Amino acid sequence: MPAKKIVTKEEILNTALQIVREGGIAALNMRSLAKRCNCSTQPIYLSFNGIDDLKKQVDKKVIEVFQKYMDDEVASGKYEKYKAVGMGYIRFAKQDKELFKYAMMHRDMIADGTQQIFDNTVLMIMKNYGLYQDEANRLHMHMWIFVHGVATIFATEYIDIDWETVSQMLTDAYFGAIKQLKGENR
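Notes on the structure in this doc start here. Every value quoted in this text rests on a predicted model; they were computed, and no experiment measured them.

Conventions we followed
- Residues numbered from 1 in each chain as written.
- Predicted model: local features only at pLDDT ≥ 70, side-chain atom pairs only at ≥ 80, totals over all residues.
- Heavy atoms only, no water.
- Phe/Tyr/Trp six-rings, centres within 6.5 Å; stacked < 30°, edge-to-face > 60°.
- Helix = DSSP H or I, 4+ residues; strand = E, 2+ residues; numbered from the N terminus.
- Buried < 20%, exposed > 50% of the residue type's maximum accessible area, 1.4 Å probe, protein only.
- Core = buried A, V, L, I, M, F, W, Y, C linked by side-chain atoms within 4.5 Å.
- Contact = heavy atoms within 4.5 Å.
- Axes fitted to C-alpha atoms, helices over the stretch in contact; angles between N-to-C directions.
- Parallel < 35°, antiparallel > 145°, perpendicular 65-115°, else oblique.
- Nonpolar A, V, L, I, M, F, W, Y, C, P; charged D, E, K, R; others polar.
- Left-handed = near helix turned anticlockwise from the far one by under 90°.
- 1 Å grid on protein atoms, 1.4 Å probe; cavity = no way out; pocket = protein on both sides within 12 Å on 5 of 7 lines; lining within 4 Å.
- Points joined across faces, edges and corners; volume = space filled by probe spheres on them.
- Disulfide = S-S within 2.5 Å.

### Details of the packing of aromatic side chains
Line of reasoning, step 1. Tallied over the full model, the rule gives 10 aromatic pairs.
Line of reasoning, step 2. Between Tyr89 and Phe100, the aromatic rings sit 5.6 Å apart at their centres with planes inclined by 85°, giving edge-to-face as the arrangement. Here Phe100 lies in helix α6 (residues 97-104) and Tyr89 lies in helix α5 (residues 81-95), a separation of 11 residues in the sequence. For the pair Tyr89 and Phe100, one class covers both residues: buried.
Line of reasoning, step 3. One aromatic cluster is present, formed by Phe66, Tyr69, Tyr89, Phe92 and Phe100 through successive ring pairs.

Written out as structure tokens, the structure reads:
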């Protein structure tokens, strides 16, 4: 008769996400997870095919959290949609530092988990602003690099910038990039 699971797969996954949220991906291992779940490693191995499988599932959860920050910012209606995406990105870094560092400062996560979000944002820019794909890609790349820099400042606690200043900086960077795209600075 197979062993009975003490904790569910979802509970294990949520606990693993919490461990990463608190201490980064380096803090996640089978023993630390079992300890937090108040079980042996057996239920974890019954739910996941090893640490690599577990981390892949955690990666998906992290991307869901990241997407929720942006979706919530858009839904708030405080900012125009594209700006809200950037503000959500920065809010993710400010409020969920370790998840941000893992998702956005870890090479594999960027390549695997965030490309679809980047592509969807480019499509949104094309649709909402009437730009061709190459223009939308260029605009978004400029803005992403700027937004990522601001977000990294928050994630690393390098300096603290008030939220209104961040908002104004994004607006200024956006209009500067649009001017450049339209050739008004040449």
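### Topic: the nonpolar core
Line of reasoning, step 1. Within the largest apolar cluster, 61 residues are counted, with the highest numbers of intra-cluster contacts made by Leu28, Leu33, Leu54, Ile90, Phe92, Leu139 and Val166.
Line of reasoning, step 2. Contributions of two or more residues to this core are made by α1 (9-23), α2 (30-37), α4 (51-76), α5, α6, α8 (115-129), α9 (133-155) and α10 (163-181).
Line of reasoning, step 3. Ignoring sequence-local partners within four residues, the contact set of Ile90 consists of Val147, Val150, Ala151, Phe154, Trp163, Val166 and Leu170.

### Observations regarding the packing of α1 against α6
Line of reasoning, step 1. Relative orientation of the contacting elements α1 and α6 amounts to 95°, with a least axis distance of 6 Å. By the angle class used here, α1 and α6 are roughly perpendicular. Listed contacts from α6 to Leu17, Val20, Arg21, Glu22 and Gly23 of α1 are Glu98, Leu99 and Tyr102.
Line of reasoning, step 2. Class assignment for the residues of the contact of α1 with α6 results in 4 nonpolar, 1 polar and 3 charged.

### Re the packing of α4 against α5
Line of reasoning, step 1. Where α4 meets α5, the axes come as close as 7 Å, and the angle between the chain directions of the two elements is 130°. Put simply, α4 runs oblique to α5. Of the two elements, α4 crosses α5, and the hand of that crossing is right-handed. Across the interface between the two elements, Val65, Phe66, Tyr69, Met70, Glu73 and Val74 from α4 touch Lys81, Ala84, Val85, Met87, Gly88, Tyr89, Arg91, Phe92 and Gln95 from α5.
Line of reasoning, step 2. Of the residues contributing to the contact of α4 with α5, the split by class is 10 nonpolar, 2 polar and 3 charged.

### Section: the layout of surface pockets
Line of reasoning, step 1. Of the volumes computed, that of the largest pocket is approximately 440 Å³.
Line of reasoning, step 2. Around the largest pocket, the lining comprises 25 residues; the ones closest to its centre are Tyr82, Val85, Thr121, His140 and Trp144.
Line of reasoning, step 3. At the level of elements, α4, α5, α8, α9 and α10 are the ones that each hand at least two residues to the lining of the largest pocket.
Line of reasoning, step 4. For the lining of the largest pocket, the residue count by class is 17 nonpolar, 6 polar and 2 charged.

### Focus: the state of the cysteines
Line of reasoning, step 1. Throughout the structure, instances matching the rule amount to 0 disulfides.
Line of reasoning, step 2. Note on Cys37: no disulfide assigned, nearest cysteine sulfur contributed by Cys39 at a separation of 4.9 Å.

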